[in-house]
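As a plain string of letters, each chain reads:
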Amino acid sequence: MPSPYSGPSTPTRTLAGGALSFGGDYNPEQWPEDVWPEDIALMREAGVNLVTVGVFSWAHLEPEPGVHTHDWLHRILDLLHAGGISVDLATATASPPPWLSHRHPEVLPQRADGTRLSFGSRQAYCPSSPVYREHARALVERIAQRHGDHPALRLWHVGNEFADHVPTCFCEISATAFRDWLRERYGEIDSLNAAWGTSFWSQRYSCFEEVQPPRATPAFGNPTQALDFRRFSSDEHLANHVAEREILRDHTPGVPVTTNFMAGREVVDYWRWAEEVDLVSTDHYLVAADPRAHRELSFCADLTRGLADGRPWLLMEHSTSAVNWQPRNVAKRPGQTIRNSLQHVARGSDGALFFQWRASRAGAEKFHSALVPHAGTDSRLWREVVELGALLGRLAPVCGSRVVSQVALVVDYQAWWACEGTAHPSVDVRYRDRAEALHGALMDAGLTVDVVRPGADLSGYPLALVPTLHLVSDEDAARLTDYVRGGGHLLVTYFSGIVDEHDHVRLGGYPGAFREVLGVRSEEFCPLRAGESVRLVDPDGATAGTADVWTEDVHLEGARTVLACADGPVPGAPAVTRNAYGDGVAWYAAVRTDPQTTADLLRRVCAEAGVAAALPVPPGVEAVVRQDEQHRFLFLLNHTDGEVSVPLPEPGEDLVSGTAVTGAVALVAGGVAVVRTEARAG
Amino acid sequence: MPSPYSGPSTPTRTLAGGALSFGGDYNPEQWPEDVWPEDIALMREAGVNLVTVGVFSWAHLEPEPGVHTHDWLHRILDLLHAGGISVDLATATASPPPWLSHRHPEVLPQRADGTRLSFGSRQAYCPSSPVYREHARALVERIAQRHGDHPALRLWHVGNEFADHVPTCFCEISATAFRDWLRERYGEIDSLNAAWGTSFWSQRYSCFEEVQPPRATPAFGNPTQALDFRRFSSDEHLANHVAEREILRDHTPGVPVTTNFMAGREVVDYWRWAEEVDLVSTDHYLVAADPRAHRELSFCADLTRGLADGRPWLLMEHSTSAVNWQPRNVAKRPGQTIRNSLQHVARGSDGALFFQWRASRAGAEKFHSALVPHAGTDSRLWREVVELGALLGRLAPVCGSRVVSQVALVVDYQAWWACEGTAHPSVDVRYRDRAEALHGALMDAGLTVDVVRPGADLSGYPLALVPTLHLVSDEDAARLTDYVRGGGHLLVTYFSGIVDEHDHVRLGGYPGAFREVLGVRSEEFCPLRAGESVRLVDPDGATAGTADVWTEDVHLEGARTVLACADGPVPGAPAVTRNAYGDGVAWYAAVRTDPQTTADLLRRVCAEAGVAAALPVPPGVEAVVRQDEQHRFLFLLNHTDGEVSVPLPEPGEDLVSGTAVTGAVALVAGGVAVVRTEARAG
Amino acid sequence: MPSPYSGPSTPTRTLAGGALSFGGDYNPEQWPEDVWPEDIALMREAGVNLVTVGVFSWAHLEPEPGVHTHDWLHRILDLLHAGGISVDLATATASPPPWLSHRHPEVLPQRADGTRLSFGSRQAYCPSSPVYREHARALVERIAQRHGDHPALRLWHVGNEFADHVPTCFCEISATAFRDWLRERYGEIDSLNAAWGTSFWSQRYSCFEEVQPPRATPAFGNPTQALDFRRFSSDEHLANHVAEREILRDHTPGVPVTTNFMAGREVVDYWRWAEEVDLVSTDHYLVAADPRAHRELSFCADLTRGLADGRPWLLMEHSTSAVNWQPRNVAKRPGQTIRNSLQHVARGSDGALFFQWRASRAGAEKFHSALVPHAGTDSRLWREVVELGALLGRLAPVCGSRVVSQVALVVDYQAWWACEGTAHPSVDVRYRDRAEALHGALMDAGLTVDVVRPGADLSGYPLALVPTLHLVSDEDAARLTDYVRGGGHLLVTYFSGIVDEHDHVRLGGYPGAFREVLGVRSEEFCPLRAGESVRLVDPDGATAGTADVWTEDVHLEGARTVLACADGPVPGAPAVTRNAYGDGVAWYAAVRTDPQTTADLLRRVCAEAGVAAALPVPPGVEAVVRQDEQHRFLFLLNHTDGEVSVPLPEPGEDLVSGTAVTGAVALVAGGVAVVRTEARAG
């Protein structure tokens, strides 16, 4: 097991002086200046200690080209500082003002079908645009110069949710930049031809000038072209981030720099991005249609901690209640925003920030909830905000501690892109599906997962899970094989290991890169029809669950059958297999097991790997441990509508209630506890 | 109760010499000229007295620029006049001929994504195009000159279904016109910035030149920009109507001018348009997928009468049977077209016209039914047409009378636009939903509704209903409050009163503008998930219905709970409230009540308001009263498949059968009666 | 009954020297040259005797403009020839290389909304482009010169699946070509105006220059314009085919020329195309979502044989297992690819070719199955391929024989286009629906159908079926009428005979062109709502099935009622009628009968027509007879999961098992037999 507390101390630790951060996006320019003092007073009432200012302020900082109006920002920074509130200062480049595209229409992004997008919402720029880049960097330079020494400044916030609405731009400027990127990557055009498989469909290029972005085409486009375009686009956005960060570092070398990720989405390759921030921060919003959306939250939180390499991170945005951009924007129930916040903290966030401070009166997000709702402070929501602020205050000791985990879950954004490419065996194979299924089953079992990248060092983990890793390099696959050979336990799910970095299929049988370690060879994918399912049986022929979406024509090459298909396209074929390999064990799930079967399988896999939960948890209770050199913090969150009792292995102090707890802790419906005990050996 | 017969006599009265109008669109240019005499003979057989000529005749009147061929039109006008048939003469500007866009491609409209639409269907023009305007007005000038003194002329018909297919155009010409309109509206750019809330998302404009139509953008556009663009577009179309009308008035001051609305749709703000016609006319087509589409018809008919300020109006188009543009175009059953026609007449139309006279052989509407079907005159449909003509003849005494109503229903097109904007709490909140639900429940109860605009004088109505009036001005909201204070009864449904004219949320709690009069304050919207519903209970805890789509976190501030949520997102919260306010009573429906609960609630509200039906009607029977100084006309329409008997309060004469009726009137399945009695005091 | 073996011997007979063709698309340029010898060896192992080479090789044959690299092709032809494998040599024009559109962007096709498509998939050219045409023809000239005398060459393969992804192009070049085509068709603009019905909606053109392709318009476009554009587009693609063919014929007059159709789709008018090939070949892929997709296969195979005028044809492409372009690409079960192949052979294909030889590692079709799968030759699939090759070898005697049929089924691509036009009575009326329903019911009854064009000579058939022939010329309708008068039996289904070649409705009652022969007259279409159905009763009032989608207000004019609607829109109206006419009988199905009712009706119709199956077949068994002057070949295919026994009328030899069979033949689940007996008189 890896040490739950290791590595250098990070800037995070100092963000708010050892306290968990609490606050959110603060957009004072939306309100008359006489509201500002009330804002500060309310922030103090709620215990807010960090606000993000300036995310969409470009038009207010530079209302016309060359006209700079920073005084208002200075005034609000002063006010915040006087109120004891630190500032996460944005570079304001997330959305250029109307004058930029009015004067330089070529900065506007273009869709794959050639549609030129218009100014009128946000983020209307081509990430490769030299005009955008020049103006954005000049703005950052000026902000750093003017405000870099302000005592309220605790953190720099570059851009905002990079690539959210324009993950890829298809304009001519982007096309030229793409060709440059390809020249850099491939050198010779025939290297590109080989990588892209252009012998297919008469696509052989004679020079880089002929290459286009993957615009609208008569039939399916080239999948490697599409994959490279995703890589290129991620890099283009990242170049913008890095360029701004460099300016900020030049001016304020001591101030950490972040940019808020959307870690649960695949708009860029966050593994590459994570290397370029001082502090990993992310935004997370609940899926309103899902009554169990708190599970998805936990998955995303663990994923974010993975990006932070296990170090504390920061939840930069979530919502106090409903958002405005989903079809039906469900409000949070009483207590839910506190519970959600603590889920993030439990899984490594050193704080909980929100979008946004005050609900807007106008604009596209006026129905997005906020810390101060439309209804004002005489409201349940505001009272919960105040309660949350106080609670986070009491949880300050948690700050800087690390989450404890025994299981690694491999997630990769490039595999995600490749997995969900066009013209694949089944549209029902979605990248996150198995990752969340495995994560959720372990969460139910009281186990916490560390998300890692494919090439990660797994030596500290007794068990590693590899869901749907469609694309994997030979090198990364070899590491996973070596991991098992050296005694590790590995579970791989279907459609993994199929293609290499160029999206070329590995020949000889599926799952390609993992055939040897899994001891199986599939001759063919056998996806199911919509609504179709197959029955699974154990080696004794007893029914042991069902599967849908996917089966395969699996043949054993060393492995033995754990579950088999009783019917469907490949009756009798192995559905789940186990292979003793070297000193370890490798399991393969060749079908999409139902939730109960997934849980049963993981129970068995964990038992063999010697992975056990810290304590037994009742259904619907989330249990996570953070730990530092001195203490161990057991987070318990009751997501059910009933009261539950959780037995405690040792007595401690509940930081939520401020009381000593021993034997067991009782949680009311929706209740939370954070039990502090002495640290145990890692 | 307002007098059911008041105001100046209108041009309507004289349209067809005191008779109800009967006929339809007549497009003789689609047929060889030797068919025309047969047309006239058949029209006479059917009792047709008014036909609309020339709607799509531009290409035949001006086949090439500057070449004018009006003789054929003169000949058909002569023929019609000789046959005793009056003409509603169209200005022929609804669809320019191919040569216009061939020579001036910039007249073609553009979609939000930049797609330039092509010639090849109809209405292919940008409403702001100076080229279109110049050519259209020259055509109208010539038509008025040439045909204005023709004795067949009874009515002018400007354009056709303005804004139907191109409600908004996004081309550069439109963009320029939009900026001019905004300059006119706002004067200073910072007024626009304030109104649009451009501090949000860095949208602050430095000058009007930077402003764009709400074209395709990377994320949600600015909602006030979208709202103003709807207003602008409505005004641009209206300017075209008014310009044509002025030419016609100059030439023929005595001939009334109309244009056919589509009152049940929100393509323009018909409240503004209604001020600019001499006679309100509208088109209506049944929703084929809805087996109870006759209810929707009645709603639209009442809405049209509202636009006409209670005066008689004219049904310009409906269909004898199926249309061609819905997914499954259901034919009308025997008797249905007669019954539908009488529904319109019952609700204030002084006639029933159809699209079109003769079913086309070719073109996009060849499968649209007509007065003369493809099958010819040896057909049930033609026999019904003849029967309808005779029936309308017998109903001539109805002409000019007014519909009697005690309930006002507030409908507003701008509120409609605002209500269905993007990024709202729930896509399931549709503007017309509650309006139709309330209307239908009252219709079932034998009550007729007057549709009024938000600022209307309600002094004559004991009860006013305000469904989903999302946007409302402070002034109009105050009038409604005053109405209750003065003794009126008011029912408001959820998502009303939320924003002002600039689409800015009213702070302090929902439903903003109506909080005081309703005596409630909602802290939060709590929309339901798809398929979710909540149980409603009365104050004794007894189940009293269900709700779906919408609930709110309602708090009482003076009101008392009539129904409460038993479960769902806000268990225990008020669902329906009643507030005694001043001398009146204000009810709030904070949830989407099911149909039975809606009916139960309205029964109670009507009882308190002293609103009662003129007579008890069996289920499925529609009863409406028209009245003039001498007579009262009770329309009874049996929409069921069985025979019913309707008790009569007093004896009278059934104009349909021409017989005296007393005690009760028996209606066969699908049958109709119009019972004339002496007028009673209003 | 037509002679099952007549007409001149065709090139097909000689394609592979009297053997059934077996092989597929071979794309050696996708693989290193050292793989090629292994390819040849494996082909020999499998019994491959024909491969298609060069379909997507343009970029490899002409990597830069004017640079020609044909040596690799020559080498592979030599290798194939040495291996005894013949070649179907493609003209390589199906997909131009990137340099063509890079240098001449105007060759790229355009969508109806103006979107210019990009290079990056395949087939990215406007079919009317002079640049494309010039370059393509120069390439073909060079291929013919260089390889025309190669001894491996057996067949020319022009292009590939013409019009698949770009059935219609809307660019300016296409627009100009369309106008030229219209001038040719109509001569005078007023002929076009008459044909298109441009009096409707002010569409009258003053000259051809004003005419546009049916691009995106504000409302429904002109249907005749759309129909003519389909005709024009089919002709433009055909002109490309013919131009290439002429070059090939000039060089190699003895080598037959084909191009692979997609006969089951309506992208072009294959009746016209069939006249322009020496050998009809087609591609067919199973509909994965349909568990009974083998029925659709049989329909398409019969349709293809119809295009070949009853002569043998060639299945140019199908798949050994799953494809990659459907939402869920279901793999074939063991034995299924053999059974599918034999279905095609049973219905007239003299062979079974596949896409493609070796499954690709890269590109958009890498998950499309192949003869050599990703898993390699140690696989069930490869063993089946080898088995299939051997089996086809044993079936060589079948080569050149003709399918025996007594029933003609009229199918027409222009009627298909017209039937599925916009603004029709019901979106649920799909052209192929009734054709497949009738075909399938007869297949279940052991009867084989010949597909014919509307004007075909039906003298040899006792029974003809006319499903949904929406558009039909007066002449073709008269032939069908004469056919009945002369003693034929005819079954027509609803929405037939409605419009003429100009898409003009025939007046006087439906079904227009067939009213007289059917002895009925419908006054109105009465389509049903989604999910709605009606009950059908026989003349005694007994329930006799159901119908959905469609009913009509049918009146008898000589016919008598076979089934009537018991409820629905026209209770009491005839649903199915029978009319004795001349010496024959004409039946009309005015409703969409359910499958059982369709089968019952056909049983009765066949009995009256004296049409009987050759032998009784158990459910799920397909029985088809091919016959030549010497022999009769009874194909029996068991599509069920159980063993069945089929009684044989006479003893014979099963070519599949190589054994004598007598009395009955037993078929295991999925099994096939081909029983050869002596020929009987036709």
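Residues numbered from 1 in each chain as written. Chains lettered and ligands numbered in written order. Predicted model: local features only at pLDDT ≥ 70, side-chain atom pairs only at ≥ 80, totals over all residues. Heavy atoms only, no water.

Quick word on the confidence of the model for chain A
Should the pLDDT be low somewhere, the predicted coordinates at that spot are not to be read in detail. Residue and element names in this part refer to chain A. To be explicit about the condition: Confidence of the prediction at every residue is given by pLDDT, a number between 0 and 100. Contacts are assigned to residue pairs with any non-hydrogen atoms lying within 4.5 Å of each other.
In the predicted model, chain A carries a mean pLDDT of 96, and the fraction of residues at 70 or more is 97%. Low pLDDT, under 50, characterises residues 1-14; the predicted model gives this stretch 31 contacts beyond four residues in sequence or across chains. In the model output, the complex is listed with pTM 0.96 alongside ipTM 0.96.

Here we look at the sheet that holds strand β14 (residues 489-493) of chain A
Strand pairing in a sheet is mediated by backbone hydrogen bonds. Such pairs are either parallel or antiparallel. Residues and elements named next belong to chain A. For clarity, the threshold we go by: A pair of strands is considered paired only if DSSP assigns at least 2 bridges between the two. Under the DSSP-based scheme used, a helix requires at least four consecutive residues in state H or I and a strand at least two consecutive residues in state E, with every element numbered from the N terminus. Orientation is described by lines fitted to C-alpha atoms, with helices fitted over the stretch in contact, and by angles between N-to-C directions that extend from 0 to 180 degrees.
The strand order across the open sheet built from 10 strands is β12-β11-β13-β14-β21-β20-β19-β16-β17-β22, with neighbouring strands paired in mixed fashion. In this open sheet, the two strands that pair with only one neighbour each are β12 (449-452) and β22 (592-593). Examined bridge by bridge, β14 and strand β21 (residues 584-589) share five bridges and lie parallel to one another. The residue of β21 that forms the bridge with T493 is A589. Sheet strands in contact with helix α10 (residues 293-307) are β11 (407-410) and β12, and its direction is about 55° off that of β12. Running at roughly 170° to β11, helix α14 (residues 431-444) makes contact with β11, β12, β13 (463-466), β14 and β22 of the sheet.

Side note on the domain arrangement of chain A
Rules: Domain ranges listed in this record stem from an automatic or a database domain assignment.
Splitting chain A by domain gives domain 1 (23-167 + 256-398), domain 2 (407-609) and domain 3 (621-678). When each unit is reduced to the centre of its C-alpha atoms, the spacing between domain 2 of chain A and domain 3 of chain A is 34 Å.

With respect to the UniProt feature "binding site: Zn(2+)" (unreviewed entry) in chain A
Residue and element names in this part refer to chain A. Our working rule: UniProt positions are given in the numbering used here, feature names are shortened, and annotations may be inferred rather than shown by experiment.
Those places that UniProt annotates as "binding site: Zn(2+)" (unreviewed entry) correspond, in this numbering, to C126, C169 and C171. Judged by maximum C-alpha separation, these annotated positions cover 46 residues in sequence but sit close together in space, the widest gap being only 7.8 Å. As for its position among the elements, C169 is in the loop between β4 (153-157) and α6 (172-186). When neighbours within four sequence positions are excluded, C169 is seen to be in contact with P109, Q110, C126, P127, S174 and F229. Tracing the backbone shows C171 in the loop between β4 and α6.

Focus: the pattern of salt bridges
This is how it is decided: Salt bridge criterion: a side-chain nitrogen from Lys or Arg within 4 Å of a carboxyl oxygen from Asp or Glu. For the exposure calls, accessible area comes from a 1.4 Å probe over protein chains only, and a residue counts as buried if that area is under 20% of its type's maximum, exposed if over 50%, partly exposed in between.
One pass over the full model with this rule turns up 133 salt bridges over all chains. Its salt-bridge partner being D180 of chain B, residue R183 of chain B comes within 3.0 Å of it at the nearest N-O pair. Taken together, the residues span about one helical turn, with R183 of chain B and D180 of chain B both in helix α6 (residues 172-186) at a distance of three residues. Between D302 of chain B and R347 of chain B there is a salt bridge, with the nearest N and O atoms lying 2.8 Å from each other. Here R347 of chain B lies in the loop between α11 (336-346) and β9 (349-354) and D302 of chain B lies in helix α10 (residues 293-307), a separation of 45 residues in the sequence. Each member of the pair D302 of chain B and R347 of chain B is classed as buried. When salt bridges that share partners are traced, they join R245, E246, R249, E276 and D278 of chain A into one network.

Some points on the relation of the copies chain C and chain A
This is how the line gets drawn: When the copies are superposed, the least-squares fit takes in the C-alpha atoms of residues with a pLDDT of at least 70 in both.
Of the transformation placing chain C onto chain A, the axial shift is 0.0 Å and the rotation is 120°, giving an RMSD of 0.1 Å. Accordingly, the operation relating the two chain copies is best matched by a three-fold axis. For chain C, the smallest separation between a C-alpha atom and the rotation axis is recorded for T115 of chain C, amounting to 4.8 Å.

A short note on the interface of chain B and chain C
We apply this condition: Buried area: the accessible surface (1.4 Å probe) lost by two parts on joining, summed over both. For the purposes of these results, a polar contact is taken to be a pair of N or O atoms within 3.5 Å, where, inside protein, one atom must be able to donate a hydrogen and its partner to accept one; residues adjacent in sequence count only when each atom of the pair is a side-chain atom. Gly is placed with the polar residues, together with every amino acid not listed as nonpolar (Ala, Val, Leu, Ile, Met, Phe, Trp, Tyr, Cys and Pro) or charged (Asp, Glu, Lys and Arg).
Listed by partner, the interface residues are 60 residues for chain B and 57 residues for chain C. Summed over both partners, the interface of chain B with chain C buries about 4,800 Å², with 56% contributed by carbon and sulfur atoms. Of all residues in chain B, the largest losses of buried area upon contact with chain C belong to R328, R361 and F367 of chain B, amounting jointly to 15% of the total for that side. Counting across the chain B and chain C interface gives three salt bridges. At the surface where chain B touches chain C, the tally comes to 25 residue pairs in polar contact (both at pLDDT 80 or more). Looking at the side of chain B that touches chain C, the elements that each hand over two or more residues are α2 (58-61), α4 (98-103) and α12 (380-394) of chain B. Per-class residue counts for the side of chain B that touches chain C are 28 nonpolar, 18 polar and 14 charged.

Brief notes about the interface of chain C and chain A
Size of an interface, as often reported, equals the accessible area lost when the parts are brought together. Taken together, the contacts link 60 residues of chain C with 56 residues of chain A. Where chain C abuts chain A, roughly 4,800 Å² becomes buried across the two surfaces, and 56% of that area is made up of carbon and sulfur atoms. For chain C, the biggest contributors to the area lost against chain A are R328, R361 and F367 of chain C; these three give 15% of the whole. Linking chain C with chain A are four salt bridges. Our enumeration of links across chain C and chain A arrives at 25 residue pairs in polar contact (both at pLDDT 80 or more). Taken together, the elements giving at least two residues each to the side of chain C that touches chain A come down to α2 (58-61), α4 (98-103) and α12 (380-394) of chain C. Here the residues of the side of chain C that touches chain A sort into 28 nonpolar, 18 polar and 14 charged.

Quick word on the nonpolar core
Selection criterion: Throughout this description, the term nonpolar core refers to a set of buried Ala, Val, Leu, Ile, Met, Phe, Trp, Tyr and Cys residues connected via side-chain atoms within 4.5 Å.
Membership of the largest hydrophobic core comes to 173 residues, with the highest contact counts inside it found for L80, L342 and F514 of chain A. Residues within four places of L80 of chain A in sequence aside, it is in contact with Y26, I40, M43, V51, V53, I85 and V87 of chain A. Grouped together as the second largest cluster of nonpolar side chains are 171 residues, Y125, C419, V484 and F525 of chain C included.

Let's talk about the packing of α10 of chain B against helix α14 (residues 431-444) of chain B
Residue and element names in this part refer to chain B. Defined as follows: With respect to orientation, any angle under 35 degrees is reported as roughly parallel, any angle over 145 as roughly antiparallel, any angle of 65 to 115 as roughly perpendicular, and every other angle as oblique.
α14 packs onto α10 with a crossing angle of 100° between their chain directions and a minimal axis gap of 10 Å. Taken together, the axis directions place α10 and α14 in an arrangement best described as roughly perpendicular. Side by side, α10 and α14 meet where H294, R295, E296, S298, F299, C300 and D302 of the first sit next to R432, A435, E436, H439, G440, A441, M443 and D444 of the second.

Notes on helix α5 (residues 130-147) of chain A
Residues and elements named next belong to chain A. We apply this condition: Helices are assigned an expected span. That span is 1.5 Å times one less than the residue count.
Under the 1.5 Å per step criterion, the end-to-end length of α5 is 25 Å for 18 residues, consistent within 8% with the ideal 26 Å. Buried within α5 are the following residues: V131, Y132, R133, H135, A136, L139, V140, I143, A144 and H147. With a side-chain oxygen lying 3.3 Å from the backbone nitrogen of V131, the N-terminal cap of α5 falls on S129.

A closer look at the packing of aromatic side chains
Selection rule: Classification of ring pairs uses Phe, Tyr and Trp, with its six-membered ring standing for Trp, and accepts pairs whose centres are within 6.5 Å; under 30 degrees between planes counts as stacked, over 60 as edge-to-face, and the remaining range as tilted.
The final tally for this structure, using the stated rule, is 90 aromatic pairs over all chains. Judged by centre distance (4.8 Å) and plane angle (25°), the ring pair of F200 of chain C and W201 of chain C falls under stacked. When its relative accessible area of 3% is taken as the criterion, F200 of chain C is described as buried. Given a relative accessible area of 2%, W201 of chain C falls into the buried group. Geometrically, the ring pair formed by Y270 of chain C and Y413 of chain C is edge-to-face, given 5.5 Å between the ring centres and 75° between the ring planes. Here Y413 of chain C lies in helix α13 (residues 413-419) and Y270 of chain C lies in helix α9 (residues 270-274), a separation of 143 residues in the sequence. No difference in accessibility class separates Y270 of chain C from Y413 of chain C, as the two residues are buried. Through successive ring pairs, a cluster of aromatic residues spans F119 of chain A together with F170, F178, W181, W196, Y205, F229 and F232 of chain B.

Section: α12 of chain B
Every α-helix carries 3.6 residues per turn, so stepping three or four residues along brings you back to the same face. A rise of 1.5 Å per residue sets the reference length of α12 of chain B, with its 15 residues, at 21 Å; its end C-alpha atoms lie 21 Å apart and thus fit the reference within 8%. All of the buried residues in α12 of chain B are R380, L381, W382, E384, V385, L388, G389, L391 and L392 of chain B.

Structural notes on the sheet that holds strand β3 (residues 86-90) of chain C
Residues and elements named next belong to chain C. Strand order in the open sheet formed by nine strands is β5-β4-β3-β2-β1-β9-β8-β7-β6, and the pairing between neighbours is parallel. Each having just a single partner strand, β5 (257-258) and β6 (260-261) make up the two edges of the open sheet. Relative to strand β1 (residues 21-26), α12 is tilted by about 135°, and along the sheet it contacts β1 and β9 (349-354).

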